[in-house]
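Given next are the chains, with one letter for each unit.
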Amino acid sequence: MKRAFFPSESCKDTHFNSVIPQSWLQVERGKLSKFSAQSPSSVESFIKVPEPQILPFFKPVDYVEVLAQIHEELESCPPHERSNLYLLQFQVFKGLGEVKLMRRSLRSAWLKSSTVHEKLVFGAWLKYEKQGEELISDLLSSCGKCVKEFGMMDIASELPSDEKSKSLKDRKANEKHVPRNVSFRIGNETIQCDRQKMARLSAPFCAMLTGCFAESHYEDIDFSENNISAAAMRAISDFSQTGCLDEVHPDILLEILIFANKFCCEKLKDACDRELACLVSSRQDAVQLMEYALEENSLVLAASCLQVFLHDLPDSLNDNRMVDYLTHANRQHKIIMAGSAAFSLYCFLGEVAMTVDPTSDITSLLLEQLLDSTENHRQRLVAYHRLGCVRLLRKEYDEAERLFEAAYNEGHIYSVVGLARLANIRGKKSWSFEKLSSVISSCTPRGWMFQERSLYAEGDDSWQDLEKATELDPTLNFPYMYRAASLMRKENVQSALAEINRILGFRLALECLELRFCFYLALEDYQSAICDVQAILTLSPDYRMFEGRVAASQLRTLVREHVPNWTTADCWLQLYDRWSSVDDIGSLSVIYQMLESDAAKGVLYFRQSLLLLRLSCPEAAMRSLQLARQHASSEHERLVYEGWILYDTGHCDEGLRKAEESIALKRSFEAFFLKAYALADSSPDPSCSSAVVSLLQDALKCPSDRLRKGQALNNLGSVYVDSGKLDLAADCYINALKIRHTRAHQGLARVHFLRNDKAAAYEEMTKLIEKARNNASAYEKRSEYCEREETKADLEMVTFLDPLRVYPYRYRAAVLMDNHNEKEAIAELTRAIAFKADLHLLHLRAAFHEHIGDVLGALRDCRAALSVDPNHQEMLELHSRVNSQEP
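Residues numbered from 1 in each chain as written. Predicted model: local features only at pLDDT ≥ 70, side-chain atom pairs only at ≥ 80, totals over all residues. Heavy atoms only, no water.

Caption draft 1: Layout of the nonpolar core. In this structure, Phe184, Phe205, Phe223 and Leu310 are the most contacted members of the largest nonpolar core, which totals 145 residues. Once you skip the residues sitting within four places of it in the chain, Phe223 turns out to touch Phe184, Arg185, Ile186, Phe205, Met208, Ile228, Met233, Phe259 and Phe263. Within the second largest apolar cluster, 137 residues are counted, among which are Phe606, Ile663, Phe669 and Ala712. (Core = buried A, V, L, I, M, F, W, Y, C linked by side-chain atoms within 4.5 Å. Buried < 20%, exposed > 50% of the residue type's maximum accessible area, 1.4 Å probe, protein only. Contact = heavy atoms within 4.5 Å.)

Structure follows, in structure tokens:
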């Protein structure tokens, strides 16, 4: 996997240092050149940070305003417009990196589809997004729960017959003594037909057989020159009698389709269209039949072929003929294939193609079709910007500039990034700086604006812009990486590591881990280097480093030559130490190393999944959980992992059932723990707490290691606290701490607090802060146990360590509001909302706006919040109340 989706031009053409990585590929043990021995230019090349990628997404300056507009339109628009609005909402969430919200918007687009083509496209898109989740469907089926949401549709039954295909009424022939039957001669064969029934097939047949044409007098008509076989004509005659095409060979059906289209036999054509559509079961069928569908304007057949192609993505992009139909379709062909869903179709295809290869001809052609399918300015700005990104990658600079300019003029301010890069490539660095300065001064400043301007600034101005970028949007990786690399070049090692650790403390970005890996190599700290590369490989097994030049796995092999080998016992001790100190990256690395041994891999992959969930990497966690299931050493162990897979994907009851099946086979710690966890989540009834306690006690009686037993004791303590049994809770937490389950300090602090010993609670959380490597959550919890000034200091530390945690912003805003500093309170929330689409932040800001009488501001935030969670009851009530006040 490439690290940068859109690598910068400057990096692609930079001469790569001869020491790294080439020398790594030839290195002998103990002969790595030292950081201190390398020339400054070598060091600079080694730790070079690429320019930030230009994201090919819709990135409005004020996403809250756009989400609010979309929600408002959804409230009043006709049904046929809803899917496109949800698709636009999807684009906004994609620009924000909100994966769950993106998928929910896609699902809404599918649910609100008003045409078969929309349902087909969005259903296939959802299936594509759920790649790798087939196991979940299989597990649900094993629990008796059928899941066929995004399977193949029966297009023929979904698309109604054309009204024009109704039969014509009988009409009298122009002569009194015309025989009832007529014969059609094809070569040496004659097909007897009922004249009136054949006449009903179409207006041309009616005119020919019963009208003023000479053929109306004939008993025998020569049809040899009409490109129809006798077998096909016989089937047409049967259809005129029965209205059905039963057991007709596909080749004959194709003949009939062409014939019916030629002679305007709408009912015959519709029947033939549907029969052929039912035969499309493979990609090969789809490729062969799509040509006929497009030439003969066969809507059902075309949609069926398209469906098979879409359900086989991304592999079907390798089929040149089908891709050719899609990339060279004219407007009429697009209507035949996709009806009114052409923009949605090419949006989907373009996204898949960009993931496969953003520089390919196929990607470029599909995005040209996307642009050609646009119907409004929002769609145009999305298409212009996306195609501009691809043109830039292909070094088609003039065309890229035209497209970015068009997107910018349509209102997509973010496209100025593309214009600035192009100007810089052409040697107009000052123009780029001035253009970004103009944008910053003319609209609400955003972090990406200062980040981009820093590329064209000099010296301290560049550094100041990056500081401002981080202040406005602390989730941007590039400023941290640039500052860290700059400090490292100046041999300010500790400051460099502190800077890159700052972002890795709350965001496990692969490119940041890679940069830190490079730092450790330069410092000859191979133990730390291998820790990072093993964490990288856990997250992305196929990751390639140094701008895609070297596989991370290859570098890991080489670095390992310079670190001591650990025995299995050493590994367990290391894991225990790192887990106890809440060093999640270090724990991931140890587990990666342990997986190479003969240890029980199922257990290790399971531990790996727990860490990845804690690090907010749900996709990698699910992959590890599936590997745990695959490597389970027994049936009862496999059932536990299946239960967790189901639980983690929202199927709590089915997860509970798997736990019970496992217990029936063998009483084990993990089975009881899963059942307790799932039961506590599935039943809101407080009376179930006694059952949860019993299950956790059963778990603790079963063999397990101290890492897991500490977690069970911690959970048991939480249940006791919720039940008011503080002494029992304290015993659990103290016992957990005895086996170094560090997080138990937090539970014990809660017990102290509930016993009205706030000082002891504060002290307990201080112990956790001192022990834990990742301690933002500990500072946040400790803030509850101290006075206001200390609380403020702790929450400032939380924001510094993890700016994505929303509670500190809400607390500070509430304090400001209590002190009647309304503008400052709203500004505090706005600061976080700018980079995090959080329901609670939007809800609180809406309430503040309502409080000061800003009805429009409150309404905007309500609508944006309901885009994040349409079913949030308090938000719905606030929206209803504010909506009634709208002037």
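Let's pick the thread back up.
Caption draft 2: Main features of the sheet that holds strand S3 (residues 220-222). Ordered in space as S2-S1-S3, the three strands form an open sheet in which the pairing is mixed. With one partner strand each, in any of the chains shown, strand S2 (189-194) and S3 form the two edges of the open sheet. For this sheet, the mean angle separating the axes of adjacent strands, direction not counted, is 30°. Helix H11 (residues 230-242) contacts strand S1 (181-186) and S2 of the sheet and is inclined by roughly 10° relative to S2. (Pairing = 2+ DSSP bridges. Helix = DSSP H or I, 4+ residues; strand = E, 2+ residues; numbered from the N terminus. Axes fitted to C-alpha atoms, helices over the stretch in contact; angles between N-to-C directions.)

Caption draft 3: View of the pairing of S1. As judged from the six bridges shared by S1 and S2, these two strands associate in the antiparallel manner. Each bridged residue has a counterpart across the sheet, and for Ser183 the counterpart in S2 is Gln192. The turn linking S1 back onto S2 is made up of two residues, and Gly187 within it adopts a positive phi angle of 65°. Relative to S3, S1 runs parallel, the two being bridged by three bridges. The partner of Ser183 across the bridge, within S3, is Asp220.

Caption draft 4: Just the environment of Ser108, in detail. When you line up the elements, Ser108 lands in helix H5 (residues 99-111). A residue is classified by how much of its surface remains accessible, and Ser108, at 17% relative accessible area, is buried.

Caption draft 5: Spatial organisation of helix H45 (residues 807-818). Look at H45: 16 Å from first C-alpha to last across twelve residues, which is about the 16 Å you get at 1.5 Å a residue. Regarding H45, the residues found buried are Pro808, Tyr809, Arg812, Ala813, Val815 and Met817. His820 sits one or two residues past H45 and shows a positive phi near 65°. (Expected span 1.5 Å × (residues − 1).)

Caption draft 6: Geometry of the pattern of salt bridges. Following the criterion strictly, the structure yields 54 salt bridges and no others. Of the charged contacts, one joins Arg812 and Glu828 as a salt bridge, the two residues approaching to 2.9 Å between their closest N and O atoms. Within this pair, whereas Arg812 is found in helix H45, its partner Glu828 is found in helix H46 (residues 822-833), the two being separated by 16 residues in sequence. In this structure, Arg812 and Glu828 share a single accessibility class: buried. In the salt-bridge network here, residues are joined through shared partners; they are Asp361, Glu368, Arg391, Arg394 and Glu396. (Salt bridge = Lys/Arg side-chain N within 4 Å of Asp/Glu carboxyl O.)

Caption draft 7: Region of interest: the packing of helix H7 (residues 134-142) against helix H35 (residues 635-648). At a minimum axis distance of 10 Å, the contact between H7 and H35 shows a crossing angle of 110°. Between H7 and H35, the interaxial angle falls into the category roughly perpendicular. Side by side, H7 and H35 meet where Leu135, Ile136, Leu139 and Leu140 of the first sit next to Glu642, Ile645 and Leu646 of the second. (Parallel < 35°, antiparallel > 145°, perpendicular 65-115°, else oblique.)

Caption draft 8: Summary view of the packing of aromatic side chains. The full count for this structure, using the stated rule, is 26 aromatic pairs. A ring pair is formed by Tyr128 and Phe348, whose centres lie 5.8 Å apart and whose planes are at 65°; its orientation type is edge-to-face. Of the two residues, Tyr128 sits in helix H6 (residues 116-129) while Phe348 sits in helix H18 (residues 342-356), which places them 220 residues apart along the sequence. Each member of the pair, Tyr128 as well as Phe348, carries the same accessibility label: buried. When the centroid spacing of 6.2 Å and the interplanar angle of 45° are considered together, the rings of Tyr807 and Tyr811 count as tilted. Taken together, the residues Tyr807 and Tyr811, both in helix H45 and four residues apart, mark about one turn of the helix. Tyr807 sits in the partly exposed class, given a relative accessible area of 28%. Tyr811 sits in the partly exposed class, given a relative accessible area of 22%. Among the aromatic residues, ring-to-ring pairing joins Phe606, Tyr641, Trp644, Tyr647, Phe669, Phe673 and Tyr677 into one connected group. For the cation-ring pair, Lys59 lies above Tyr414, with the distance from its terminal atom to the ring centre recorded as 5.8 Å. (Phe/Tyr/Trp six-rings, centres within 6.5 Å; stacked < 30°, edge-to-face > 60°. Lys NZ or Arg CZ within 6 Å of the ring centre and 35° of its normal.)

Caption draft 9: Spatial organisation of the packing of helix H39 (residues 706-722) against helix H40 (residues 726-738). For the pair H39 and H40, the least separation of the axes is 8 Å and the interaxial angle reads 165°. As judged from the angle between their axes, H39 and H40 are roughly antiparallel. Considering the relative orientation of H39 and H40, their crossing is left-handed. Of the residues in H40, those in contact with Gly710, Leu713, Asn714, Leu716, Gly717, Ser718, Tyr720 and Val721 of H39 are Leu726, Leu728, Ala729, Cys732, Tyr733, Asn735 and Ala736. Tallied by class, the residues present in the contact of H39 with H40 amount to ten nonpolar, five polar and no charged. (Left-handed = near helix turned anticlockwise from the far one by under 90°. Nonpolar A, V, L, I, M, F, W, Y, C, P; charged D, E, K, R; others polar.)

Caption draft 10: Structural detail: unusual backbone geometry. A cis geometry characterises the amide bond from Leu313 onward to Pro314, with omega recorded as 5°. Here Pro314 shows up in the loop between helix H15 (299-311) and helix H16 (320-327). Phi is positive for Arg740, close to 65°, though the residue is something other than glycine. For Arg740, a relative accessible area of 40% translates into the label partly exposed. At Asn756, a position not held by glycine, the phi torsion is positive, near 65°. In this fold, Asn756 is placed in the loop between helix H41 (744-754) and helix H42 (758-771).

Caption draft 11: Molecular detail of helix H30 (residues 552-560). Every buried residue belonging to H30 is among Ala552, Leu555, Arg556, Leu558 and Val559, and all of these are buried. One side of H30 holds all its buried residues, which, seen down the axis, span an arc of 165°. On its buried face, H30 is in contact with helix H28 (510-522), helix H29 (526-539), strand S4 (544-545), strand S5 (550-551) and helix H32 (584-594). (Arc of directions from axis to C-beta.)

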